[in-house]
Amino acid sequence: MQIPFIDLKQQYEQNKEEIHQAITSVLESTAFIMGPQVAQLEKSLAEYTGAKHVLACSSGTDALLLALMALDLKPGDEVITSPFSFFATAEVICLLGGTPVFVDIDPVTYNLDTERLQEKITARTKAIIPVSLYGQCADMDEINEIAGKYNIAVIEDAAQSFGAEYKGNKSCNLSTIGCTSFFPSKPLGCYGDGGAIFTNDDQLAQKMRSLLVHGQSARYQHRYIGINGRMDTLQAAILNVKIKYFPDEVLERDRIAKRYTEGLRPAVDSERIVTPVIKSDRTSVYAQYSIRVKDREAFIAYLNSKQIPTAVHYPVPMYRQEALSCLQIDPKEYPVTEQVSREILSIPMSAFLTEDQQDYIIETILSR
Ligand SMILES: *Cc1c(COP(=O)(O)O)cnc(C)c1O
């Protein structure tokens, strides 16, 4: 049995004609930059999330970068975030000369541990970037409350959680600014790089709109130092098709994830593995279905020998990255991140995983 880690092929096959039509119409119009499909996508994303302003942009990384630029992050400013995320979350802070300040993660959700947040706030703290990891939102209410007390902005790194709900509201629309990614393997993926920024703040929206076209206020008038952060019309056209099927895929992902959790229960009960825990006031879009085991390398070798692909998100915490060695952080400060980064691994997950494939994976894990 051939099981892809994420089945992008099946998804493409399903809506192939519609996607080809959308691509062809961009080619015929030659409006490759800022064609009408971009504004159309922004409108759909605003309707889906309820956010007042949505800006389609070049990637999730650029979305985060633009958000921090809009907040006027300056060298010496501090931004609090999770050490257990994709590198981009900390990278954008450093690109602007800021200092990432890490808070250890919660041992159950692997999101930023809100209990430890307040002690990291200083007079230089400019923003907090909680990461809604694997598709489950961080504790946004608690984080917003603490940030509000100190007048600090909150940027949700929702690169993995587009489509997730938190207390009835959509991820990306839960704080000052939300940022997501449409990288092909994300829950809603395009066929290249893409991202989006969400906010209800008129001024921030206007500034980010300008920053993503070289800080332009009008043609060839530059108010800010910005970037080339536009989304390609082709990617917007592809997303306009895919977003129609996305709500059904979210339901399917949820059904498949719950089936994993149910099927793997015996291995959890005998303490051989730990499966994801989603808090009762929120949903996950399961960007990854990640489990924990004590002997990860042997476990991965076993699954791979049975033709089951795996991935590790993420094996190296931020403070252990060579590029951040200048921060001189002692890993002992982050015991939970240390343990989870040694034990975590992700198994195949997509809305197109078949019951046969899933049963085979579950049985293979149970019979180890
Ligand atoms: C994927 C990802 C990003 C970066 O998004 P790109 O579109 O690849 O630039 C940022 N943060 C997290 C948590 C991610 O998973």
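Scroll up to find the structure.
Rules and cut-offs
Residues numbered from 1 in each chain as written. Predicted model: local features only at pLDDT ≥ 70, side-chain atom pairs only at ≥ 80, totals over all residues. Heavy atoms only, no water. Pairing = 2+ DSSP bridges. Helix = DSSP H or I, 4+ residues; strand = E, 2+ residues; numbered from the N terminus. Axes fitted to C-alpha atoms, helices over the stretch in contact; angles between N-to-C directions. Contact = heavy atoms within 4.5 Å. Near = heavy atom within 4 Å. Polar contact = N/O pair within 3.5 Å; in protein donor to acceptor, adjacent residues only side chain to side chain. Areas by Shrake-Rupley, 256 points an atom, 1.4 Å probe, with all protein chains shown as cover. Nonpolar A, V, L, I, M, F, W, Y, C, P; charged D, E, K, R; others polar. Phe/Tyr/Trp six-rings, centres within 6.5 Å; stacked < 30°, edge-to-face > 60°. Buried < 20%, exposed > 50% of the residue type's maximum accessible area, 1.4 Å probe, protein only.

1. Observations concerning the sheet that holds strand 9 (residues 195-199)
Part 1 of the argument: Spatially, seven strands are ordered 1-9-8-5-4-2-3 in an open sheet, and the strand pairing comes out mixed. The sheet terminates laterally at strand 1 (53-57) and strand 3 (99-102), the two strands that pair on one side only. The average angle at which neighbouring strand axes cross in this sheet is 25°, direction not considered.
Part 2 of the argument: Packing against the sheet, helix 4 (residues 60-70) makes contact with strand 1, strand 2 (78-81), strand 4 (125-129), strand 5 (153-157), strand 8 (177-181) and strand 9, and its axis sits at approximately 160° to strand 8.

2. Quick look at the site of the ligand
Part 1 of the argument: Taken together, 16 residues form the shell around the ligand, and within it G60, T61, Q160, S181 and K186 come nearest.
Part 2 of the argument: The separation between an oxygen atom of the ligand and a polar side-chain atom of S181 is 2.6 Å.
Part 3 of the argument: Taking K186, its side chain carries an N or O atom lying 2.8 Å from an oxygen atom of the ligand.
Part 4 of the argument: Summarising the interface, the protein chains cover 93% of the accessible area of the ligand, which totals 380 Å² for the free molecule.
Part 5 of the argument: Within the shell around the ligand, the residues separate by chemical class into six nonpolar, eight polar and two charged.

3. Remarks on the packing of aromatic side chains
Part 1 of the argument: By the definition in use, this model includes twelve aromatic pairs.
Part 2 of the argument: Arranged with centres 6.5 Å apart and planes meeting at 80°, the rings of F84 and Y314 form a pair that is edge-to-face. Separated by 230 residues along the polypeptide, F84 in the loop between strand 2 and helix 5 (88-95) and Y314 in the loop between helix 10 (296-305) and helix 11 (335-343) bring together distant segments of the chain. Take F84 and Y314: they sit in the same class, and that class is buried.
Part 3 of the argument: Here the aromatic residues Y48, F162, F182, F198 and F246 are joined through ring pairs into a cluster of three or more.

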